[in-house]
Amino acid sequence: MNYSRWTPFLFLAPALAGLAVFRFAPIVVAGAGSFSGMTLTGALEFAGLENYRWLLTDPAFWDSLRITLIFNLIINPLQLALAFLLAMLIFQPGRGIWVYRTLLVLPMAVSTGLSAVLFKLVLDPNLGPLNGILEWAGIGAQPFYRAAEQAMGTLIGIATWKGAGYWMLFLLAGLHAIPASVQEAAMIDGATPWQRFRLVTLPLMRRPMAFVLVADTAINFLFFAPVYILTGGGPNGATSVLMFEAYRSAFTFSDIGRALAISSFLLAILAVIIVLEFRLMRSPEDRR
Amino acid sequence: MSTMSVRSLTKSFGRTEILRGIDLDVAAGEFVALVGPSGCGKSTLLRLIAGLEGASGGRIEIGGRDVTRLPPKGRDVAMVFQNYALYPHLTVGANMGFSLKLRGTPKRKIDAMVREAAAVLGLDALLERYPGQLSGGQRQRVATGRAIVRNPALFLFDEPLSNLDAKLRVEMRTQIKALHQRLQVTTIYVTHDQIEAMTMADRVVVMRAGRIEQQGAPLELYDRPANAFVAGFLGSPSMNFLEGRIEGGAVALADGTRLPAPGGAAEGRRVLWGMRPEDIEIGGEGMPAQVEVVEPTGPDTQLAVRIGGQAATVLLRRRAVLHPGEQIRLSPAAERIHLFDAETGSRL
Amino acid sequence: MTDPLAPSPLMAMLRYGLLSVLAFCVAAPLAWLCLASLSPQSEIFQPVSDFSWSGLIPSRLTLENYRALMQTDFPMAAKNSAIVALATVVCGLVVNAMAGFAFAAFDFRGKTLLFVLVVASFMMPFEAIVLPLYVMIRAFGWVNSYQALIVPEIANGMIIFLFRQFFASIPKDYYEAARIDGASWGYIFLRIALPLSWPTVATASLMLFLAQWDSFFWPVVAASDPDYAVIQVAIARNINFEQTNWGGLFSSTNLAIVLGTIPFLLTQRLYVRSLVAGGIK
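All residue numbers here refer to positions counted from 1 along the written sequence of the relevant chain. Think of it this way: whatever chain is written first is A, whatever ligand is written first is 1, and the rest follow in order. Reporting in this predicted model follows two pLDDT cut-offs: at least 70 for local features of residues, and 80 or more for side-chain atom pairs to be given and counted; totals over whole chains, interfaces and linings ignore these cut-offs and use all residues. Note that water and hydrogens are dropped before the side-chain values are worked out from all heavy atoms of the structure.

Points about the overall build of chain A
A count of helical and extended segments in chain A gives 14 helices and two strands. Residue exposure (1.4 Å probe, protein chains only): buried if accessible area is under 20% of the type maximum, exposed if over 50%, otherwise partly exposed. When the 288 residues of chain A are sorted by exposure, 55% land in the buried category. Whether two residues touch is decided by their heavy atoms; if any such pair falls within 4.5 Å, the residues are in contact. Once local pairs closer than 6 in sequence are excluded, the contacts in chain A between residues at least 24 apart make up 67%. The protein chains shown are the only cover counted for residues, whose accessible areas, like all others here, come from Shrake-Rupley with a 1.4 Å probe. Carbon and sulfur atoms make up 67% of the accessible area of chain A, which totals about 12,000 Å². Helix and strand definitions follow DSSP, with helices as H or I runs of at least four residues and strands as E runs of at least two, each counted in order from the N terminus.

Quick look at the overall build of chain C
Helix and strand counts for chain C come out as 14 helices and zero strands. Walking chain C from its N terminus toward its C terminus, one meets helices and strands in the order α-α-α-α-α-α-α-α-α-α-α-α-α-α. Only C-alpha atoms enter the radius of gyration, while the globule expectation follows 2.2 Å times N to the 0.38, with N the number of residues. Taking 281 residues into account, the globule formula puts the C-alpha radius of gyration at 19 Å, and chain C, at 24 Å, lies well above it. Along the longest, intermediate and shortest principal axes, the C-alpha atoms of chain C span 75 × 75 × 30 Å. Taking all 281 residues of chain C together, 51% fall into the buried category. Considering only contacts in chain C between residues 6 or more positions apart, those separated by 24 or more positions represent 76%. Accessible surface, chain C as shown: approximately 12,300 Å² in total, 67% of it carbon and sulfur. Counted charges follow a simple rule, with Lys and Arg positive, Asp and Glu negative, and His plus the chain ends left uncounted. The atoms used to mark charge sites are NZ of Lys, CZ of Arg, CG of Asp and CD of Glu. Side-chain charges in chain C split into 15 positive and 15 negative, and the spacing between the mean points of these groups amounts to 10 Å.

What about unusual backbone geometry?
All names here are of chain B. Between S236 and the following residue, P237, the backbone shows a cis peptide bond with an omega angle of -5°. Among the structural elements, P237 can be located in the loop between α8 (228-233) and β11 (240-247). Even without being glycine, A85 reaches a positive phi, approximately 50°. Positive phi is not limited to glycine here, since N151 has a value of about 55°.

Digging into the pattern of salt bridges
For salt bridges, the criterion is a side-chain nitrogen of Lys or Arg within 4 Å of an Asp or Glu carboxyl oxygen. Taken as a whole and judged by the stated rule, the model has 25 salt bridges over all chains. For the salt bridge of B:E159 with B:K42, the shortest nitrogen-to-oxygen distance reads 3.8 Å. Placement of the pair is B:E159 in the loop between β7 (154-158) and α5 (166-183) and B:K42 in helix α1 (residues 42-50), with a sequence separation of 117 residues. Residue B:E159 shares its accessibility class with B:K42, and that shared class is buried. Measuring nitrogen to oxygen at the nearest pair gives 2.2 Å for the salt bridge that ties B:R270 to B:E243. Here B:R270 is found in strand β14 (residues 270-275), whereas its partner B:E243 is found in strand β11, with 27 residues between them in sequence. Among the charged side chains, a network of salt bridges with common partners joins A:D58, A:E245, A:R248 and A:R258.

What to know about the packing of aromatic side chains
Under the pairing criterion, centres of Phe, Tyr and Trp rings, with the six-membered ring standing for Trp, must be within 6.5 Å; the plane angle then separates stacked pairs below 30 degrees from edge-to-face pairs above 60, leaving the rest tilted. Counted according to the given criterion, the structure contains 52 aromatic pairs over all chains. Between A:F11 and C:F106 the ring centres are 5.7 Å apart and the planes differ by 55°, which places this aromatic pair in the tilted class. Taken together, the positions of A:F11 in helix α1 (residues 7-33) and C:F106 in the loop between α3 (74-105) and α4 (111-123) put the pair across two chains. The exposure classification of A:F11 matches that of C:F106, with both residues buried. Ring-pair connections join several aromatic residues into one group, and the members of that group are A:F11, C:F101, C:F106, C:F163, C:F166, C:F167, C:Y175, C:W185 and C:F189. B:R208 extends its terminal NZ or CZ atom over the ring of B:F229, reaching a point 4.3 Å from the ring centre. The rule for a charge over a ring is simple: NZ of Lys or CZ of Arg within 6 Å of the ring centre, and within 35 degrees of the ring normal.

Some remarks on the interface of chain A and chain C
Contact with chain A, which involves 100 residues of that partner, is made by 101 residues of chain C. Run the count over chain A and chain C and you get one salt bridge. A salt bridge links A:K162 to C:D214, with the nearest nitrogen and oxygen atoms 3.5 Å apart. The term polar contact refers here to a pair of N or O atoms within 3.5 Å; inside protein, the definition further demands a hydrogen-donor-capable atom paired with an acceptor-capable atom, and it admits residues adjacent in sequence only when both atoms are side-chain atoms. Our enumeration of links across chain A and chain C arrives at nine residue pairs in polar contact (both at pLDDT 80 or more). By residue number, the principal contributor to the side of chain A that touches chain C is α1(A), which donates 20 residues. By residue class, the composition of the side of chain A that touches chain C is 77 nonpolar, 16 polar and seven charged. The classification used treats Ala, Val, Leu, Ile, Met, Phe, Trp, Tyr, Cys and Pro as nonpolar, Asp, Glu, Lys and Arg as charged, and all other residues, Gly among them, as polar.

Considering the domain arrangement of chain C
Interfaces are frequently sized by the accessible area removed from exposure as the parts join. Residues and elements named next belong to chain C. When cut into domains, chain C gives domain 1 (9-62) and domain 2 (68-280). Across the domain 1 to domain 2 interface the summed buried area is about 740 Å²; carbon plus sulfur atoms make up 78%. For the domain 1 face of the interface with domain 2, the top three residues by lost area are L33, S37 and F45, together amounting to 53%. Scanning the region where domain 1 abuts domain 2 turns up zero salt bridges. Along the contact surface separating domain 1 from domain 2 lie one residue pair in polar contact (both at pLDDT 80 or more). Grouping the constituent residues of the side of domain 1 that touches domain 2 by class yields seven nonpolar, two polar and no charged. Marked domain ranges trace back to an automatic or database domain assignment. Values labelled buried area give the accessible surface lost by two parts on being combined, using a 1.4 Å probe and summing over both.

Notes on the packing of α1(A) against helix α5 (residues 130-140) of chain C
Lines fitted to C-alpha atoms define the axes here, with helix axes fitted over just the stretch in contact, and angles between the N-to-C directions of these axes take values from 0 to 180 degrees. Running from N to C, α1(A) and α5(C) cross one another at 105°; their axes reach a closest spacing of 8 Å. The orientation of α1(A) with respect to α5(C), classified from their angle, is roughly perpendicular. Every residue of α5(C) that contacts α1(A) at A:V21, A:F22, A:A25, A:P26, A:V29 and A:A30 is listed here: C:P132, C:L133, C:V135, C:M136, C:I137 and C:F140. Residues of the contact of α1(A) with α5(C), tallied by class, amount to 12 nonpolar, no polar and no charged. We call two directions roughly parallel when the angle between them is under 35 degrees, roughly antiparallel when it is over 145, roughly perpendicular when it lies between 65 and 115, and oblique otherwise.

Let's talk about the pairing of strand β10 (residues 211-216) of chain B
Strands pair, by our definition, only if DSSP identifies at least two bridges between them. Relative to β10(B), strand β9 (residues 203-208) of chain B runs antiparallel, the two being bridged by five bridges. Bridge pairing in β10(B) links B:M207 to B:I212.

A short note on the sheet that holds strand β2 (residues 16-26) of chain B
Residue and element names in this part refer to chain B. Within the open sheet, the four strands sit side by side as β2-β1-β4-β5. Their pairing is antiparallel. The strands lining the two open edges of the sheet, one partner per strand, are β2 and β5 (65-66). Alignment of strand β1 (residues 4-13) against β2, held across eight bridges, turns out to be antiparallel. Bridging across to β2, S5 finds its partner in D25.

Thoughts on the sheet that holds strand β16 (residues 301-307) of chain B
All names here are of chain B. In space, the four strands of this open sheet follow the order β17-β16-β15-β18, with antiparallel pairing throughout. What marks the edges here is a single partner per strand, and that holds for β17 (310-316) and β18 (327-332). When strand polarity is set aside, the average angle formed by the axes of neighbouring strands in this sheet is 50°.

Some points on the nonpolar core
Put simply, buried Ala, Val, Leu, Ile, Met, Phe, Trp, Tyr and Cys residues joined by side-chain atoms within 4.5 Å make one nonpolar core. In terms of nonpolar packing, the biggest core is built from 226 residues, with A:M168, B:M4 and C:F101 touching the most fellow members. Looking at this core, the element that brings in the most residues is α3(C), giving 15 residues. The contacts of B:M4, once residues within four sequence positions are left out, are B:L24, B:D25, B:V26, B:I49, B:I60, B:E61, B:I62, B:L154 and B:I188. B:A33, B:A78, B:A118 and B:V204 belong to the second-largest nonpolar core, a separate cluster that totals 45 residues.

Structural notes on the pairing of β17(B)
All names here are of chain B. By the criterion of burial, β17 is predominantly enclosed, with five of the seven residues buried. By the bridge criterion, seven bridges tie β16 to β17 in an arrangement that is antiparallel. By the bridge assignment, Q302 is partnered in β17 with L315. In textbook terms, the turn of a hairpin is the stretch between consecutive antiparallel strands, and for β16 and β17 this stretch comprises two residues, one of which, G308, has a positive phi near 55°.

What about the environment of B:F98?
The residue B:F98 is located in helix α2 (residues 92-102) in this model. Placed 48 residues apart in sequence, B:F98 and B:R146 show a C-alpha to C-alpha distance of 8.1 Å. Apart from the residues lying within four places of it in its own chain, the contact partners of B:F98 are A:A186, A:D189, A:L199, A:V200, B:Y87 and B:L90.

What about the confidence of the model for chain A?
Detailed reading of the predicted coordinates is not advisable wherever pLDDT falls low. pLDDT expresses, on a scale from 0 to 100, how confident the predictor is about each individual residue. Across chain A, the average pLDDT comes to 85, with 93% of residues at or above 70. For chain A, the element scoring lowest by mean pLDDT is helix α14 (residues 284-287) of chain A, at 44; helix α8 (residues 180-188) of chain A scores highest, at 93.

Regarding the packing of helix α5 (residues 112-122) of chain A against helix α7 (residues 148-177) of chain A
All names here are of chain A. Two elements in contact, α5 and α7, have axes separated by 10 Å at closest approach and are oriented at 130°. The pairing of α5 with α7 is recorded here as oblique in orientation. In the crossing of α5 with α7, the sense of the turn from one axis to the other is right-handed. Residues T112, S115, L118 and F119 of α5 touch α7, and the partners they reach there are I158, W161 and K162. Each residue belonging to the contact of α5 with α7 can be placed in one class, and the counts come to four nonpolar, two polar and one charged. It is the rotation of the near helix from the far one that decides the hand of a crossing: anticlockwise by less than a right angle makes it left-handed, clockwise makes it right-handed.

Right, here's the structure in full:
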């Protein structure tokens, strides 16, 4: 087709400029800034590896890293398992299933910040209805996000409330991608429902499940809003995940160098995750 | 090897009746083809026999055993699907051995049985491959191999060749027929391709709108179709039908053209005069016709003509020099004339 | 006669039972918020110690909490959200559709590499770059402004990807025929490609809207001043300052949630399809 060499770039220019400035330049800024001493007033000086040296000797960072890892080790498998259960429950057609499906995905349209606010109300220690119900049931009111030992679990619960339905959609698409005739062939071959699940469905769901696990991990490494709204990293640092730690470095302690060093660290983890994602996206024929 | 029989079998989805009372008996070792236009219920009938759908009424027996309410697992059938339905995550060998593994057959025995079946179908070299790496024809053979490996009571084929190109289809047709002659397993084969049905089956069952229209040996159906539908469905190019009225022992078309007719039909009755394209010759004192299109195919010449204003096809088993617009005379083979009732379509 | 494949009644009961429990867990907090926001101020909360189920149902439904909203900073926040969302959707559609069109219609040097970068950009959650981006925005002098909220969210790899997928599915003959008739590429994009892509335009709009709607970290950092705070930030700020206008808090939160879910429910089918296609393919 006929077009000048520049035509494609005229069409691309605004979007590519936007991505370059607002997606890729910040990565460079994070990297460069992490080698600088920079305060919120903007004074900038080269500091070499100082920020990292500080970071690596700072117990608060290690605590935060530990908390972030524990959080991810729990929440990602949990959300995957729950999303898979939901997908299996929704998959078969049935009367009224669309109502359940809509209800289950509804939280994805509730903004993250608002869902944290919602649960702050629901879980309120004095006035929240959930504690009222627990009291009524004889279990007794729980402190939830106000106690160090329950705060992390509460955040995981809230994030799962919002996320499970969302990830279900991807697994549902995966289930629909398994040809019905393959399941029928397994029935004819004599497989029981359980054998069909274990020997056909599960292996064929590996890719969608791996995708969900990886993409969910990318998001949960950056978990922020509920921490900010509900716990402020507390009680006693129990929920101080890395993203919140970075935020606090910048805005509470005005240590932008440390904030950018943590950001760079998170970006490096993300880079690994994104490479994994690209591998998953290649078609199965490429792999075998 | 078992018999299979179906008694007054019905199937509806909601208000739609797919099968309206099917009776069918298949002898042990017989190869039966179910044919019909799409939507006639042939695939549904096969799926009911397999146990992939539940019957709305009636009874299914395999080897004399009532299996109507059994799941597929309890019916001892094997099925080849239109899209092959191979397990994408398993090798060819594992695909073929899957049913044996589910039954807890020892691994060494599975290997031996898979190898034997693979040898029959020439799949030896492919056992370690994955379905994604195979061509369409190879996948088809693997699907067939998966069916034969466990020696089932009944083979079911659901349009197994319709995803292959024409050349491969003819090849596989021969291979499946040879396989049946060798293994002698009772086979029910669904196809919309009447040539496949005619060439492969011991018996052809023609279905339409959830009913069996006619069943019998292929040539029996071809030579004595029970109604105009069967007559038109079998054969390519399909039978010519000219509509007219019985007048003085002949069929008179609307414009007065008279066609020869066998005796016996009531005077004045409206009929379809049927004649296969290859049973007509040019010349003699036959009926006048006008040539519209001439299509030489090499050995044959196919003509589109008009007889008394109605379209018809003539297939000459030779080369013929004819031109559009030419007036010719056609002589049908008198003993090959079929007469059908114009309203009901049934044979007179 | 029973279908041999139909799930047993027990399994069906188990399935619907489990689904009901799970759907209840998901919907109950939302339903409670909605009901409470329609109750009189005094009934919104019941002390944990004398909880009763009947207390969850308001004695009368009232809009007084919603009327009270007009006196708070909610209208301001709603206006901010509307400006930000609208500007992002409009600019985002044009910018990303153009880029998607270029990837689909043209061949040029570096195309594959650029496209990989586009895809990578949407795999990286925005939160990852909030802090360095803040440093940049501060250098631009954009802190506490609409452009700080809008401009960084316009270029969106996911939307570019969606448009590319759509435009790539239009046969190139369309474009070629128009070129032969003497149309410019701008004309082809605006008059041929874009009108054909309305389902993508619809889902892209919703995605851009939801991206703004769901973002929290960035607006908190970039525009926390009440004059520029969007709804979710304004509400979170109120709750964090332990404001005790419960009625206002409930009605504003509920209103914000409803405002976000309605467009989602309306375009759910299209949206889900595109979302999943973006994730798997």
